[in-house]
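Now for the letters of each chain:
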Amino acid sequence: MLIPKRKLRTIAQYCSIFTLISLVVYTANKFGFPAEQREFSSKEKLIADDWSILTEPNSNRDIPKILNKNVGIENIQEDEQIDPNSLIDWHDWKKIEEDKLRVGPGEQGKAISISPDDEKANNDLFRANGFSGYASDRISVNRSVPDIRHKGCRSKLYKAGLPSVSVVIPFYNEHWTTLLRTFHSVINKSPAKLLKEIILVDDASTKDFLGNKLDEYIKTMDKMKIVRIKERSGLITARLAGAKLATAEVLIFLDSHTEANVNWLPPLLDPIASDYRTAVCPFIDVIDYNNFQYRAQDEGARGAFDWQLYYKRLPLLPEDLAHPTEPFKSPVMAGGLFAISSKFFWELGGYDPGLEIWGGEQYELSFKIWQCGGTMVDAPCSRVGHIYRKYTPFSGSGRGDYLGRNYKRVAVVWMDEYAEYLYKKRPHYRDIDPGDISEQKALREKLNCKPFKWFMKEVLFDLYKHYPPVEPPDFLSGEIRSKENPKFCVDSKFKGANERIGMDLCAKDSPGSSGEQRFSLTWKKDIRPSRRQAVCWDVNSSEAQAPVLFYGCHGQGGNQYWSYDVENMWLKHGVNPRCLDGNPETKELYISKCDKKSKTQKWIVEKINHEQLKNWDDPTKLIA
């Protein structure tokens, strides 16, 4: 039967209409936005290409959703299954915006002012803690701190499948509000799905409020645990006690006077999620011990040591500076704050239980990590504030020279022939008994750990240039006598920091006279009194006749950079040099613009090491 063309056209039209309606309904269901989001759809579309919208959230609107494969944490439901290797934004932007609105004493990391009427109360708490407990008590335990990360950190994405965390916080006689602020900051600044537990470890504290009062305080708090050691054992034992109770995939150790900053946790965990043999340290900011102001320490450096095992820091490498938000390799941790997978920590034997109280544990663990197959990095986008006490208000619990024993133990087990450099700096360490180290030696053999020579060559390859095991010779030494007025010499008269140095009659020509007239232009290119190595000549003024002051030596050049021009007999200051000058009539010493016609800028130096001057660019060359 034939169908008329008119009916065919009608059927075709109805089919087209039906198809169109179906397509509209399908599209609306699959791609439509909720009504409350429609006004932002144009902005949301831009986010995939313009992350600045995400990093500068507007408090007058909702945080936009991210319409690309990297979905934001606020979009992920508790029961949603996502690819653990997909990248997401872990920031809690709502909480960040709320913190920006907080006002009150110490909020936004601002300093607390102590009035004259409060001085006595402040001094009493300062003596008990080595910092201003009075200032701490005036600040909320939930206070806000400034987000001082590199701006690129705000748009950093991290794996969705990050491991769970146990935070271990040992304490001994910690101040009440400082301890509370430590664990409250962890809770407030950590994604709940990552933070499994916080373990407080009481190392036999004697302050009453750290007993039942603390138990009652944390009783109603989720994820909080406390373990109490009956007899004072020290930081190292306390950390081990907490680590043994931890049940999460990653251990994070914090001191009990710290404050976590914005989104601190994901940058610590992401490298471990990629390789469980990676330990990660945050950037450590400064909480001022006088007023609790929160500020940056610096923008990163690589951990190291000198040959007395004092902790030191080395400049970042060019490749690290080129990527300021990326983790960079660091040879040695500062010690107090770091993350490590539980599996790797216990593979390494944890801390050496033979180490007592504190000190040396950061070297022991750092050497083990590197020499036994691991890696250690600092994560610039993770920042934690730390109170560096003005002094330690408690002793080592009658353990004698526990620090020397710890260093000797680390040196014997891990440093091989390089331990000799430590003994040359600290001769009495040779006679210290390190105790039984058989288990540590066996662990090193079992893990097939590399020799310390490998560590020095591959990891800490530039230590010699900054902290050589044998001190390079000085470029200049002895008295510095004016050529124009040879009766006068530079004389600092044993002055202290921030005091001006000048000139006086040369002591060699005046028997019985007193003064400080012997100086050294050291291999660090600073000038110090020959018998005092803690203060250096420093010029911080740009005035025409800038005074020369004493300041604590920092070894980083800058205001303390000096050189010697043999031909012109000039002592030059800075990289855009001005020359040392003086006025014998007033006995003033200063620097001024170098002038070949000036007779008062010429100085006769007692001893000039011409051979070492040839190695100016690499003064360690003679001992390498």
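See the structure shown above.
These numbers come from a predicted model, not from an experiment.

A.B. asks: Any chance you could explain the overall build of the protein chain here in plain terms?
C.D. replies: Within the protein chain one finds 19 helices and 27 strands. Of the contacts made within the protein chain by residues no fewer than 6 positions apart, 71% connect residues no fewer than 24 positions apart. Total accessible area computed for the protein chain in this model is approximately 30,800 Å², and 52% of it derives from carbon and sulfur atoms.

A.B. asks: Explain the pattern of salt bridges to me, please; I cannot follow it from the model alone.
C.D. replies: For side chains of opposite charge, pairing can occur when their charged atoms come near one another. For the coordinates displayed, the defined rule picks out 39 salt bridges. The residue Asp215 makes a salt bridge to Arg228 at a minimum N-O spacing of 2.8 Å. Of this pair, Asp215 sits in helix α8 (residues 212–219) while Arg228 sits in strand β5 (residues 224–228), and the two are 13 residues apart along the sequence. The class for Asp215 is partly exposed, based on a relative accessible area of 25%. A relative accessible area of 32% means that Arg228 is categorised as partly exposed.

A.B. asks: Would you mind going over the packing of aromatic side chains with me for this structure?
C.D. replies: Within a pair of aromatic rings, the relevant descriptors are the distance that separates the centres and the angle that separates the planes. All chains considered together, the criterion is met by 31 aromatic pairs. Ring geometry for Phe345 and Tyr351: centres 5.7 Å apart, planes at 80°, overall edge-to-face. With respect to class, Phe345 is no different from Tyr351; both count as buried. Residues Tyr363 and Phe367 carry aromatic rings whose centres are separated by 6.2 Å and whose planes lie at 25° to one another, so their mutual orientation is stacked.

A.B. asks: Explain the state of the cysteines to me, please; I cannot follow it from the model alone.
C.D. replies: As used in these notes, a disulfide is a covalent bond between sulfur atoms, one from each of two cysteines. As enumerated under the stated definition, the model contains 5 disulfides in all. Between the sulfur atoms of Cys489 and its disulfide partner Cys506 the distance amounts to 2.0 Å. In this structure, the disulfide formed by Cys489 and Cys506 twists by about 95° around the S-S bond and is classed as right-handed. In this pair, Cys489 sits in strand β16 (residues 488–491) while Cys506 sits in the loop between β17 (502–505) and β18 (519–521), placing the two residues 17 residues apart along the sequence. By the burial criterion, Cys489 is buried, and Cys506 matches it. Covalently, Cys536 is tied to Cys553 through a disulfide, its sulfur atoms 2.0 Å apart.

A.B. asks: Where do I start with the environment of Lys483 in this structure?
C.D. replies: Assignment of secondary structure puts Lys483 in the loop between β15 (476–482) and β16. For Lys483 and Thr600, which are 117 residues apart along the polypeptide, the C-alpha to C-alpha distance reads 7.1 Å. Other than its neighbours up to four places away in sequence, Lys483 contacts Met569, Lys602, Trp603 and Ile604.

A.B. asks: Would you mind going over the environment of Glu249 with me for this structure?
C.D. replies: Checked against the element boundaries, Glu249 lands in the loop between α9 (235–245) and β6 (250–253). It is 9.3 Å that separates the C-alpha atoms of Glu249 and Lys196, two residues lying 53 residues apart in sequence. Polar contacts involving the side chain of Glu249 include one to the main-chain amide nitrogen of Ser164, which spans 2.8 Å.

A.B. asks: How should the pairing of strand β11 (residues 311–314) be read in this particular structure?
C.D. replies: Where strand β10 (residues 302–305) meets β11, 4 bridges bridge the pair, whose relative direction is antiparallel. Bridge pairing in β11 links Arg302 to Leu314. A loop of 5 residues connects β10 with β11, the two strands running antiparallel in sequence, and Leu309 in this loop sits at a positive phi of about 65°.

A.B. asks: Help me understand the environment of Ile88, please; the structure alone is not making it clear to me.
C.D. replies: Here Ile88 lies in strand β1 (residues 87–88). Overall, the relative accessible area of 1% leaves Ile88 in the buried class. Sequence separation of Ile88 and Leu157 is 69 residues, and the distance between their C-alpha atoms is 5.1 Å.

A.B. asks: Looking at this model, I keep getting lost on the nonpolar core. Mind explaining?
C.D. replies: Soluble, globular proteins show a tendency: their nonpolar side chains are buried together. Counting 56 residues, the largest nonpolar core has Phe305, Ile340, Phe345, Phe367, Ile369 and Phe455 as the members making the most contacts within it. The contacts of Phe305, once residues within four sequence positions are left out, are Tyr310, Lys312, Val332, Tyr363, Phe367, Phe452, Phe455, Leu460, Leu463 and Tyr467. One finds Trp176, Phe183, Trp264 and Val377 within the second-largest nonpolar core, a separate group that totals 42 residues.

A.B. asks: Sorry if this is basic, but what is going on with the side chain of Glu174 here?
C.D. replies: With respect to the helices and strands, the residue Glu174 is situated in the loop between β3 (165–171) and α7 (176–189). A relative accessible area of 1% means that Glu174 is categorised as buried. Separated by 2.6 Å, the side chains of Glu174 and Ser256 make a polar contact. Excluding residues within four positions of it along the chain, Glu174 makes contact with Phe131, Leu179, Lys207, Phe209, Leu210, Ser256, His257 and Arg389.

A.B. asks: What's the story with helix α10 (residues 265–274) in this structure? I'm lost.
C.D. replies: Since the α-helix packs 3.6 residues into each turn, any two residues three or four apart lie on the same face. Here α10 lies mainly inside the structure; 8 of its 10 residues are buried. Restricting attention to buried positions, one finds in α10 the residues Leu265, Pro266, Pro267, Leu268, Leu269, Asp270, Pro271 and Ile272. Along its buried surface, α10 packs onto β2 (158–159), β3, β6, β8 (278–287), β13 (338–341) and β14 (375–387).

A.B. asks: What's the story with helix α13 (residues 361–371) in this structure? I'm lost.
C.D. replies: The element α13 is extensively covered by neighbouring structure, given that 11 of its 11 residues are classed as buried. All of the buried residues in α13 are Glu361, Gln362, Tyr363, Glu364, Leu365, Ser366, Phe367, Lys368, Ile369, Trp370 and Gln371. Where α13 ends, the next residue or the one after it, Gly373, has phi of about 100°, a positive value.

Procedures and definitions
Residues numbered from 1 in each chain as written. Predicted model: local features only at pLDDT ≥ 70, side-chain atom pairs only at ≥ 80, totals over all residues. Heavy atoms only, no water. Helix = DSSP H or I, 4+ residues; strand = E, 2+ residues; numbered from the N terminus. Contact = heavy atoms within 4.5 Å. Areas by Shrake-Rupley, 256 points an atom, 1.4 Å probe, with all protein chains shown as cover. Salt bridge = Lys/Arg side-chain N within 4 Å of Asp/Glu carboxyl O. Buried < 20%, exposed > 50% of the residue type's maximum accessible area, 1.4 Å probe, protein only. Phe/Tyr/Trp six-rings, centres within 6.5 Å; stacked < 30°, edge-to-face > 60°. Disulfide = S-S within 2.5 Å. Polar contact = N/O pair within 3.5 Å; in protein donor to acceptor, adjacent residues only side chain to side chain. Pairing = 2+ DSSP bridges. Core = buried A, V, L, I, M, F, W, Y, C linked by side-chain atoms within 4.5 Å.

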